[in-house]
Amino acid sequence: MTAPARRLTLPVEGMTCASCTGRVERVLKRVPGVQAVAVNLATGRATLDLTPDNDPVALAEAVEGAGYTVPEAVSELAVEGMTCASCTGRVERALRAVPGVREASANLATGRVTVRHPDGLVSVGALAEAVREAGYEPRPVQEAQAQAPAAPRETEALTRDLILAALLSLPVVVLDMGAHLGLGDHSGHGLLPAGWSAGLQAVLATLVLAGPGRRFFARGLPGLVRGHPDMNALVALGAGAAYLYSLVATLAPGLLPAGAAHIYFEASVLIVTLILLGRSLEARARGRTGAAVARLVGLAPKTALLLRNGAETEVPAAELRVGDRVRVRPGERLPADGRVVEGTSRVDESMLTGEPVPVAKNPGDLVTGGTVNGTGALDVAVERVGADTALAQIVRMVEAAQGAKLPIQALADRVTARFVPAVLGLALLTCLAWLAVAPSPALGEALVHAVAVLIIACPCAMGLATPTSIMVGTGRAAERGVLFRSGTALQALEDVRVVAFDKTGTLTEGRPRLTDLIPAPGFDPDAVLAAAAAIESRSEHPIARAIVAAATERGLALPPVSDFSAVPGHGVTGRAGDHRVAIGAARHLAGLDLAGLAPEAARLAALGRSPVFVALDGVPAALLAVSDPVKPGAAEAVRALQDQGLAVALVTGDDRRTAEGVARHLGIATVLAEVLPAGKRDAVRDLRAQHGPVAFVGDGINDAPALAEAETGLALGTGTDVAVESADVVLMAGDPATVAEALRLSRAVMRNIRQNLFWAFAYNVALIPVAAGVLRIFGGPSLSPVLAAGAMALSSVFVVGNALRLRRV
């Protein structure tokens, strides 16, 4: 019986007319297995039926071959059961094998996997099924978040199993030690009857492996059968081999060579107990790595005081809607983003910016959900709720950065993909070698060393080395007001050799004031200022705000505005009342005779002020000068970067003399002035050619090309949305001093990752030969399975503990 076709709906970008929809329909119909294609121009979507045995990737290729685009989507799943680097590698390989998946990245520390694929062509169900077939349990991220946090649940389960394993293992260890002390042995000497000691150990060991140790067999053996062994398989093989050998020695010693009937029940139970101990300590430590995100999420209040018809009603904060009016009492957290409509207070915004000084809030000022109100009461009109709030966006940024896979992890991934099979081979080789060279009976000796190799080589530490450092480092950065929008920015920022700053709003306050107004002969200064302020009221530029503020202070009435147009890097034009107005730098008024005002412009620029020309109806009308004070601490920020061995440059669209005056004040030697937005991108390329990787710091729309071009773009959180979206790192405080802090954090995280990777690799390289008994050949020590289990557990705890040191950076 033929399986029914499945219906797919995929978005198609780039269609503009009926001929586009026809072209898309034709190319899709030519794909084998496609039936009943319908393309809708209004919705921008194609709906079709595809037979189950056909590859949906061909659909995206057909659409793209016709000149259109199927946008990429990102799906995320929470995955239970990943315990080591080989687990993450297996999950990634299983997901990449799903038709349509372009990339999959699993993170051991967060327990999540991120998958990139063409939108509409890969279902979450198909991804979940691939994860399940790989031997792990997938869950939607929303479901995982709604339940109790995974780390506490995992820690509780491990702790319960650890306590039970320890209680059952203790008598086994006592009996094993007692045999050497005359308390009981196989010959019947001592206090216990013959065989009772071994029999009791066998019962207790069975309880340990079937109870607390069951997790290793349930997860490890299926993977071994599928040909994809992981660390659980290594533990199951090691503990199981010691247990089965001991069981044969107890119940049927005649099956073993003479003199080889030794029991190793204590090794099998202590392997399980010590690895559970390590897992428990590791789970507790890993729970602390995500504490920063948990604290951020916890900042959002659960309830809000809603004002409706003059009455106050307490409602869940999740039920707030845009336009609602809420009252925030002194000391309470704001329930959502909004604007103050009544009341004055000071608000602690340190959770956003890292700055401890409360910020004054008056009617009309914006406030952010999660921040703490001071001593005054505020009535706030809600403007953003739920996932749209600044706090929710910060949490998403931090989680995205924590889930990233850095380029430095590529080596670890390549090694661990082949590591577990190699360990199995080494264990087998160790067993055969000892059977060949050890004096008879050699079977027990061979077993001990093979089990030690299996246990010592579990690649847990390798899988945790990078993601735990990223989680702690990005969380700590978020607490300091530095948001890494991607984990890769951590590594890129470390390599930066030159930092280029925009001037206005970045190194300066961005709140300039009008200092001079020099009219051309025959023009009334107030009339010129009113016309200029009317046009500038439509602009977001700091200089525009200064001109508008000056007109407001003088009480001037602004004429109506029409035909407004802004040319980034040049100026603005428009019609104010009956006059055509042009405002900006000299290049914006090219073709006009500015000779009468040019000497004054040169004088003002030499004083560090920004000259702005105003033309009415094509005639130069006035020269305005605006002064933007340098931010407190900007000079110290520049020196801090220079002390780290970095070159510092100033890249600005402002007048050269003004820019050089600011640069002299700050100690910056390299100045690129009068640069247009596209020129800023070229300036970044020039700086890269001279010094190496570039970090660009800006806050305006005209900085977006440079932020995108630089190896690392840093945007001030006080800047425009376009700048923030173009950046790799967001500095919430708007303080240039946090640039040096971001660099220090980046270097600390990368140093920590290298330490972890070195420990993880060196640990295995050094101890596998010891576990195999190589040193015994030269009269040196060997490593018992019990000590191997303890060392393996401690290696993971060491890696996570080392990552937690970043919380103090």
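Residues numbered from 1 in each chain as written. Predicted model: local features only at pLDDT ≥ 70, side-chain atom pairs only at ≥ 80, totals over all residues. Heavy atoms only, no water.

Ordered in space as E9-E8-E10-E16-E11-E14, the 6 strands form an open sheet in which the pairing is antiparallel. The strands lining the two open edges of the sheet, one partner per strand, are strand E9 (311-316) and strand E14 (366-367). Relative to E9, strand E8 (residues 303-308) runs antiparallel, the two sharing 6 bridges. Bridged to Leu-305 within E9 is Glu-314. (Pairing = 2+ DSSP bridges. Helix = DSSP H or I, 4+ residues; strand = E, 2+ residues; numbered from the N terminus.)

Turning our attention to the nonpolar core. Leu-95, Val-499, Phe-501 and Leu-641 are the most contacted members of the largest nonpolar core, which has 131 residues in total. Counting residues per element, this core draws most heavily on helix H26 (residues 737-772), which supplies 17 residues. Val-499 has contacts with Leu-641, Leu-646, Ala-647, Val-648, Ala-649, Ala-695, Val-697, Val-739 and Leu-743, leaving out every residue within four places of it along the chain. By size, the runner-up hydrophobic cluster in this structure holds 26 residues, among which are Ala-533, Ala-534, Ala-550 and Val-612. (Core = buried A, V, L, I, M, F, W, Y, C linked by side-chain atoms within 4.5 Å. Buried < 20%, exposed > 50% of the residue type's maximum accessible area, 1.4 Å probe, protein only. Contact = heavy atoms within 4.5 Å.)

Taken together, 4 strands build an open sheet; the order of strands is E5-E6-E4-E7 and the sheet is antiparallel. Edge positions in the sheet fall to strand E5 (103-107) and strand E7 (137-140), since each of these pairs with one other strand and no more. Geometrically, the sheet is characterised by an average inter-axis angle of 30° between neighbouring strands, direction not taken into account. In the sheet, E5 pairs with strand E6 (residues 112-118) via 5 bridges, with the strands oriented antiparallel. (Axes fitted to C-alpha atoms, helices over the stretch in contact; angles between N-to-C directions.)

Take the environment of Gln-35 next. Relative to the elements of secondary structure, Gln-35 occurs in strand E2 (residues 34-40). Accessibility expressed as a relative area gives 40% for Gln-35, which makes it partly exposed. Each C-alpha atom of the pair Gln-35 and Thr-51 lies 8.0 Å from the other, and the pair is 16 residues apart in sequence.

In this fold, Leu-378 is placed in strand E16 (residues 378-384). Among residues more than four places away in sequence, those in contact with Leu-378 are Val-326, Arg-327, Val-328, Val-340, Glu-342, Gly-343, Thr-344, Ser-345, Val-347 and Asn-373.

This brings us to the packing of helix H3 (residues 85-96) against helix H4 (residues 124-133). Closest axis-to-axis distance for the H3/H4 pair is 9 Å, and the angle between their directions is 135°. Considered as vectors, H3 and H4 are oriented oblique to each other. When you trace H3 past H4, the crossing you get is right-handed. Contact residues: Val-91, Ala-94 and Leu-95 in H3; Leu-127, Ala-130 and Val-131 in H4. Residues belonging to the contact of H3 with H4 are distributed by class as follows: 6 nonpolar, no polar and no charged. (Parallel < 35°, antiparallel > 145°, perpendicular 65-115°, else oblique. Left-handed = near helix turned anticlockwise from the far one by under 90°. Nonpolar A, V, L, I, M, F, W, Y, C, P; charged D, E, K, R; others polar.)

If you walk through the whole model with that rule in mind, you get 30 salt bridges. Here Arg-656 makes a salt bridge to Glu-660, at a shortest N to O gap of 3.3 Å. Remark: Glu-660 and Arg-656 occur in helix H22 (residues 656-666); sequence separation between them is 4 residues, near one turn of the helix. Take Arg-656: its relative accessible area is 35%, and that puts it in the partly exposed class. In this structure Glu-660 comes out as partly exposed when scored by relative accessible area, which is 28%. (Salt bridge = Lys/Arg side-chain N within 4 Å of Asp/Glu carboxyl O.)

With that out of the way, let us pick up unusual backbone geometry. For Asp-617, which is not glycine, the phi torsion reads 55° and is therefore positive. Positive phi values are uncommon outside glycine, yet Glu-674 reaches one of about 55°. Considering the arrangement of structural elements, one finds Glu-674 in the loop between strand E26 (670-672) and helix H23 (677-691).

On average, the protein scores 81 in pLDDT, and the residues at 70 or more come to 88%. Per-element averaging of pLDDT across the protein places helix H5 (residues 141-146) at the bottom with 56 and helix H18 (residues 525-536) at the top with 93. (pLDDT = per-residue confidence, 0-100.)

Take the UniProt feature "transmembrane region" (unreviewed entry) in the protein next. As recorded in UniProt, the sites labelled "transmembrane region" (unreviewed entry) are residues 162-182, 194-212, 233-255, 261-278, 419-440, 446-466, 757-779 and 785-804. Split by type, residues 233-255 is 83% helix and 0% strand. Its first and last C-alpha atoms lie 26 Å apart. Taken end to end, residues 419-440 is 86% helix and 0% strand, and its first and last C-alpha atoms sit 32 Å apart. (UniProt positions renumbered as here; feature names shortened; annotations may be inferred.)

Moving on, we come to the pairing of strand E23 (residues 610-616). The buried fraction of E23 amounts to 7 of the 7 residues, a majority that puts the element mostly inside the structure. Two strands pair when backbone bridges link them, and E23 and strand E24 (residues 619-627) are joined in this way by 7 bridges, in the antiparallel orientation. Note that in E24 the partner of Ala-615 across the bridge is Pro-620. Counting the residues that bridge the hairpin from E23 to E24 gives 2 residues, and of these Asp-617 lies at a positive phi of roughly 55°.

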